[in-house]
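So the chains spell out like this:
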Amino acid sequence: MSDILKIRRPDDWHLHLRDGAMLEAVVGYTARQFARAIVMPNLADPVTTVSAAIAYRDRILLALPEGRDFMPLMTAYLTDTIDPEELARGHARGVFTAAKLYPANATTNSDKGVTDIAHIHGALERMQAIGMPLLIHGEVTDDTDIFDREAVFIERTLEPLVRDFPALKIVLEHITTAEAAQFIAGAGPNLAATITPHHIHINRNAIFERGIRPHAYCLPVAKREHHRLAVRKAAVSGSPKFFLGTDSAPHARETKEASCGCAGIFNAPFALESYVAAFDEDGALDRFEAFASEHGPRFYGLPLNEATLTLRREPVDVPERLSAAGADIVPFHAGETLGWRLD
Ligand code: DOR
Ligand code: ZN
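As annotated in an unreviewed UniProt entry, the protein chain carries the name Dihydroorotase and is attributed to Parasphingopyxis marina. Check the Sequence similarities (unreviewed entry) section of the UniProt entry for the protein chain; it says "Belongs to the metallo-dependent hydrolases superfamily. DHOase family. Class II DHOase subfamily."

Draft legend 1. Structural detail: the coordination of the zinc ion (ligand 2). Around the zinc ion (ligand 2), the protein contributes the donor atoms His-14 (NE2), His-16 (NE2) and Asp-247 (OD), at 2.0 to 2.1 Å from the metal centre. Sequence positions of the donors to the zinc ion (ligand 2) reduce to the motif H-x1-H-x230-D. Of this pair, His-16 sits in the loop between β2 (12-15) and α1 (20-33) while Asp-247 sits in the loop between β9 (242-244) and α9 (253-256); the two residues are 231 residues apart in sequence, bridging distant segments of the chain. You'll find His-16 and Asp-247 in the same group, each marked buried.

Draft legend 2. Structural view of the site of ligand 1. Surrounding ligand 1, one finds 13 residues, the nearest of these being Arg-18, Asn-42, Thr-107, Leu-219 and His-251. In the environment of ligand 1, an oxygen atom lies 2.9 Å from a nitrogen or oxygen atom belonging to the side chain of Asn-42. Between ligand 1 and His-251 there is a distance of 2.7 Å, counted from an oxygen atom to a side-chain nitrogen or oxygen. The fraction of the free accessible surface of ligand 1 (290 Å²) that becomes covered by protein chains is 100%. The residue inventory of the shell around ligand 1, partitioned by class, reads four nonpolar, seven polar and two charged.

Reading guide: rules and limits
- Per chain, residues are indexed from 1 in the order of the written sequence.
- Whichever chain is written first becomes A and whichever ligand is written first becomes 1, with later ones labelled in order.
- Residues qualify for local features only when their pLDDT is at least 70, as the model is predicted, and side-chain atom pairs are given and counted only at 80 or more; totals for whole chains, interfaces and linings, by contrast, use all residues.
- Side-chain measures here rest on the full set of heavy atoms in the structure, leaving out hydrogens and waters.
- UniProt positions are given in the numbering used here, feature names are shortened, and annotations may be inferred rather than shown by experiment.
- Coordinating donors are taken to be N, O and S atoms lying within 2.8 Å of the metal, or within 3.2 Å when the metal is Na, K or Ca; because water is excluded from the atom set, some sites may appear incomplete.
- Helix and strand labels come from DSSP, where a helix needs a run of H or I of at least four residues and a strand needs a run of E of at least two; each type is numbered from the N terminus.
- Only protein chains enter the accessibility calculation, which uses a 1.4 Å probe. A residue is then buried if its area is under 20% of the maximum for its type, exposed if over 50%, and partly exposed in between.
- By convention in this text, a residue qualifies as near a molecule or strand provided that one of its non-hydrogen atoms is within 4 Å of it.
- Any N or O atom pair separated by 3.5 Å or less is treated as a polar contact, with the protein-specific requirement of one donor-capable and one acceptor-capable atom, and with residues adjacent in sequence counted only for side-chain atom pairs.
- Surface accessibility follows the Shrake-Rupley procedure with a 1.4 Å probe radius. Residue values consider only the protein chains on display as shielding.
- Any residue that is not Ala, Val, Leu, Ile, Met, Phe, Trp, Tyr, Cys, Pro, Asp, Glu, Lys or Arg is counted as polar, Gly included; the first ten are nonpolar and the last four charged.

The following block contains the structure:
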C-alpha cells in the first residue's frame, strides 16, 4: 500500500469564498491546495454583471497570501431578469466561466435566484449556443420534505431541462442522493456532478448525534446512509462525470450555533486530506488524481494543471476552531485526526 501520493495539483470546482474580512481569512486555505476554483456568486449582493465579477476577482487576488498562485474562476448568478447578452459578454471576455442557478430561496443568499426556469430560457439558449456551463443547486423550494428536495428537483426540473437543452453543459452541484448519482451516471456527456467531502463522510445522523450539531448542517442536507454510500461509490468509481467540488461554505461560529443556524460546512482547511481518506478507505487511491485533478478540467474544457503536490500517510490533527475575520469558524472534522497530510 502506497504511503506517498504525488498527484497533479487539483482544482476545486465549487467554492464559497465570501468577501471582505472573511475572504481574507479563508482564501489561503484553498490556495494552499488548489490551483483554481469555481467561485460561487452568492454574495450578499450577488454577482450578476461582468463588472461585479471582475471587481470580485480582483478582491480575491488581492486577498491571496504572498506568492500563492491561484486562479479564481468566476460565475454569474442567474436571476429572473438576467440579460443573456451580459452572460455572453462575460463568457467571451473570459470573466464568467459558468453561470449558477439557485432556485429562489433554496439556500444562503438565494433570495434573488430564479423563481421559475421559464424566466431564464433565453439565457439558457444563449449559454447552450456558446458552450457556457450551467451549474445547478438542485433542490425544489416548495414544502416538499427537505430530505426529498434533490430527488424531486431531478424529476420535476432537471429532466425537462435536459430534454429542452440537449447540448447545454450542466453540472449538478454537491449531489447527496442515490437518485442524483444514478441520473448523472446514466445521462449524456454534457452532464456531470460535483461531490463534497462531507457528503462522502457523513449521513444525516451526524446532524443529530446526541444533540443538534449545527456544524454538520448544510444544503442540500446530508441524507440516509444508503445515499451517502451511493454518492461515495460515484466519487471513487473513476467515472469522468464526477469530480471534486468542496462547497466549502464558511460561516462564523455564532451564526451556526444559533436558534436559526446558517447552512454550510467549512471544509477548505483539510479538504484534500478529507477526500483522500475516503478514497484510501475504499481502496481507490489510484483513482484519486483523476477525481481531483482531471475530470473537472476535461469537463470544463480547460487545461490540466502541470504542477504537482504530495500527500503522505501521516496523521494530521484538525483543530476544534480556526480564527477568521475577528470570529471563529469550526472546520469540518474538527477535533479529529486524519490519516493523510499535505506536504
Ligand atoms: O450549505 C450550503 N451553504 N449550501 C449552499 O448551497 C450555500 C452555502 C453557503 O453559501 O453558505
Ligand atoms: Zn455551494
